[in-house]
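# Results of the structural survey
So you can see what is in the structure, the chains are spelled out below.
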Amino acid sequence: THHIFSLSLSLSLSLLNNMKRRRCIHLLFFLCVLVAISSFSSSFTFPEEEEEEEERKSRNNHQFEELKERFGSSSSNSNNNNKSNLVFYTIGDWGVRGSGVDGGENFQGSAQIAVAQQMKLLAEFVPPDFVATLGDNFYGAGVGSVEDRQWDYKYEQVYLKNNSSIRSTRWFASLGDHDHCGNVQSQIDYHSSKNYLWHLGHAKMPYYHKEFRIGDNISTTDAMQLIVIDWVGLEGILAGKEKRRFEDQLGDFASAEAGEEQFNWLKRVLDRGHGKYRWRVVTAHRPIISASLRFANDNIAYPGESSTREVLRVLLENSDVDVYINGHDHTAQHACTQRDDFDGKNKLTHYITNGIGGYELHHLADNEKRPIETLEAKNTFHGFAMHSVTKDKFDTVFIGHDGKVEMELSFNKMHQHCN
C-alpha cells in the first residue's frame, strides 16, 4: 500500500510539473507573440503615411538645399574660406512643451518640438552663428531656479541633446512677460552655473549688447551690433503709474529703479555706437508696431505698454537702428518706417514680429484696421526665422513647423525705401 501511494504521489507530481512546464511554455509563447505584434505595429506605417512622410522630408531637404545655396556656403561654420555673411536664428514665445497652450487646440502634437526639429534640420544646411530668443522662454511663470526641471525639459532636451546640430550654438536670450513672473536672476545665472551657451546679461542686468563680424570682415564699420532689451524692465520707468500687465507678479527687475538704470544704459549704448556699425539690430519681447488683433486692445488695457512703445520708437529710429525683432504677438509680421535722416536722406527701420515658436497663435486685425506701416502679416504657422546678414543685405526667411518656407524679407542698405 505504501508503495502504491508513493507511486501515485510521484506520478501526480510529475503530471503537475509537466502541466506547469506546459503553462510556462504557453505563457512564454504568448509573451513572444505580444512583443512581436508590438514591434511590428510600432514600426509599421501605412503606405500613404510613409509616402507623405517621405514627400515632406524630400520637400524640406529640397528647400533647405536651396537655402544652403543662397546663404549657407558663406556661413561661419562652413569650410568656405571666403565668408561673407553672418547667420543667426530667432525664436519667440517658445517654452511651452507639456502645457495646454503648446500649439493650441488644433495642433497635433507639440508645436515647440516640431519647430525645434526644423531648426535642427536647417542647421545641417545653414548653420547659425547664434540663436536669439525673443522672450517668454518659459511658460507660464518663468523658472524658479537654475535647478528648475524646465531648463532640461523645455530647453536642453528640445534643442541641444541627442546629437543636435545646434548643440554647441550660443543662445542670446531676452526676457518676456511670463519670464518676469518667475525668478529672473536664475535666467541670468544659468550661463555661469549650468550652461555657458545660454546668455542673458550679467549681475542684475538682463540686458546687454554684442558685436559680430560679418563674414571675414574685421572692420567694425562692417560689423553688426546686437542690442538685447528687457522690455518689461524698461517699462518700469516708461510706464509711470499706468497699468501694467502682470503687475502683481512683477519683482525688482521690473521696478522704476531698474527701468531707469536700463533706460540710461540703452541711451549710452545707442549714442556710443552711432555711425560705428554697418547694421544695428535690437531684440526684445513686445512689438512697437503690430497688426495683431490684441495690439490695439492691449494699448487700451495696459497704457504702460503704449507709453513704452512711443518712447522706444522715437529713440530707436533716431539711433541708426536698422531692424527691431520682437515676439509677444504670436504671428509673423513685417512693418517698416521711413523718415528723413540727419543728412536729409531717407532712413529706414524694419520691424519684424516673430512670436510663433510654440504657443497657440493669435488673430490678426482686419486689413483696414492694421497700422499703415504694416507690409505683411501671417498667423497660419508656428516656426522660427533665419537671418543672413552681409555688408549690404539683411535677409530673413520664416520657416514653418513643417519645414515650409512661409515668408521671405530682404532689406538692402543701398535702397532706402520701405516698398
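This report concerns the structure included in the present document. No experiment lies behind these values; they were computed from the predicted model shown.

## Remarks on helix H6 (residues 184–193)
Among the residues of H6, Val 184, Gln 185, Ser 186, Gln 187, Ile 188 and Tyr 190 are the ones counted as buried. The inward-facing, buried residues of H6 abut helix H4 (150–160), helix H5 (177–180) and strand E4 (198–199). For H6, the capping residue at the N-terminal end is Asn 183, with a side-chain oxygen 3.1 Å from the backbone nitrogen of Gln 185.

## Details of the packing of aromatic side chains
With the rule as written, the count across this model stands at 28 aromatic pairs. For the ring pair Tyr 89 and Phe 384, a centre distance of 5.3 Å and an interplane angle of 50 degrees mean the geometry is tilted. Here the residue Tyr 89 occupies a position in strand E1 (residues 86–91), and Phe 384 occupies one in strand E12 (residues 383–389), the gap between them amounting to 295 residues. Take Phe 384: its relative accessible area is 0%, and that puts it in the buried class. Residues Tyr 155 and Trp 171 carry aromatic rings whose centres are separated by 5.1 Å and whose planes lie at 80 degrees to one another, so their mutual orientation is edge-to-face. Here Trp 171 lies in strand E3 (residues 170–172) and Tyr 155 lies in helix H4, a separation of 16 residues in the sequence. Of the two residues, Tyr 155 and Trp 171, both sit in the buried class.

## Section: the state of the cysteines
Scanning the model with the defined rule gives 1 disulfide in all. The side chain of Cys 336 participates in a disulfide bridge whose partner is Cys 418; the two sulfur atoms lie 2.1 Å from each other. Looking along the S-S bond of the Cys 336-Cys 418 disulfide, the torsion reads about -75 degrees, which is the left-handed sense. Residue Cys 336 is located in strand E9 (residues 332–340), and its partner Cys 418 is located in the segment after strand E14 (405–412); the two are separated by 82 residues in the primary sequence. In this structure Cys 336 comes out as buried when scored by relative accessible area, which is 5%.

## Some thoughts on the sheet that holds E3
Strand pairing in a sheet relies on backbone hydrogen bonds, with the paired strands running either antiparallel or parallel. Read across the sheet, 7 strands follow the order E4-E3-E2-E1-E12-E13-E14 without closing on themselves; strand pairing throughout is mixed. The open sheet has two free edges, formed respectively by E4 and E14, since each of these has just one partner strand. Of the strand pairs in this sheet, E1 and strand E2 (residues 130–133) are connected by 4 bridges, and their pairing is parallel. Looking at E2, one finds that Thr 90 is bridged to Ala 132. Where H4 meets the sheet, its contacts fall on E1, E3 and E4, and the angle it forms with E3 comes to roughly 130 degrees.

## What about the packing of H4 against H6?
Contact pair H4 / H6: the axes reach a minimum separation of 14 Å and the direction vectors enclose 60 degrees. For the element pair H4 / H6, the angle class is oblique. Helix-helix and strand crossings are classified by hand; for H4 and H6 the assignment is right-handed. Packed against H4, whose contacting residues are Trp 151, Tyr 155 and Glu 156, the element H6 presents Ser 186, Gln 187 and Tyr 190 at the interface. Looking at the contact of H4 with H6 residue by residue, the class counts come to 3 nonpolar, 2 polar and 1 charged.

## Details of helix H8 (residues 256–272)
Over its 17 residues, H8 extends 24 Å from the first C-alpha to the last, a length consistent with the 24 Å expected when each residue adds 1.5 Å. In this fold, the buried residues of H8 make contact with strand E5 (208–213), strand E6 (223–228), helix H7 (231–238), strand E7 (279–283) and helix H10 (303–317).

## Looking at the pattern of salt bridges
Going through the model one piece at a time under the given rule, you end up with 18 salt bridges. Residue Arg 313 pairs with Glu 373 through a salt bridge whose shortest N-O separation is 3.2 Å. With Arg 313 in helix H10 and Glu 373 in the loop between strand E10 (346–354) and strand E11 (374–378), this pair connects stretches of sequence that are 60 residues apart. For Lys 393, the salt bridge goes to Asp 395, with nearest N and O atoms at 3.8 Å.

## Some words on a negative patch on the surface
Judged by side-chain charge, Asp 252, Glu 257, Glu 260 and Glu 261 come together as a negatively charged surface patch. Relative to the helices and strands, Glu 257 resides in helix H8.

## Let's talk about the environment of Arg 280
In this fold, Arg 280 is placed in strand E7. Arg 280 sits in the buried class, given a relative accessible area of 1%. Once the C-alpha coordinates of Arg 280 and Tyr 324 are considered, the two residues, 44 residues apart in sequence, prove to be 8.8 Å apart. Polar contacts involving the side chain of Arg 280 include one to the side chain of Gln 225, which spans 2.9 Å. Among the polar contacts listed, one links the side chain of Arg 280 to the backbone oxygen of Ser 319, at a separation of 2.8 Å.

Quick notes on the rules
Residues numbered from 1 in each chain as written. Predicted model: local features only at pLDDT ≥ 70, side-chain atom pairs only at ≥ 80, totals over all residues. Heavy atoms only, no water. Buried < 20%, exposed > 50% of the residue type's maximum accessible area, 1.4 Å probe, protein only. Helix = DSSP H or I, 4+ residues; strand = E, 2+ residues; numbered from the N terminus. Contact = heavy atoms within 4.5 Å. Polar contact = N/O pair within 3.5 Å; in protein donor to acceptor, adjacent residues only side chain to side chain. Phe/Tyr/Trp six-rings, centres within 6.5 Å; stacked < 30°, edge-to-face > 60°. Disulfide = S-S within 2.5 Å. Pairing = 2+ DSSP bridges. Axes fitted to C-alpha atoms, helices over the stretch in contact; angles between N-to-C directions. Parallel < 35°, antiparallel > 145°, perpendicular 65-115°, else oblique. Left-handed = near helix turned anticlockwise from the far one by under 90°. Nonpolar A, V, L, I, M, F, W, Y, C, P; charged D, E, K, R; others polar. Expected span 1.5 Å × (residues − 1). Salt bridge = Lys/Arg side-chain N within 4 Å of Asp/Glu carboxyl O. Patch = residues over 30% accessible without salt bridge, like charges linked within 9 Å, V, L, I, M, F, W, Y side chains within 5 Å. Areas by Shrake-Rupley, 256 points an atom, 1.4 Å probe, with all protein chains shown as cover. Lys, Arg positive; Asp, Glu negative; His and termini not counted. Charge placed at Lys NZ, Arg CZ, Asp CG, Glu CD.

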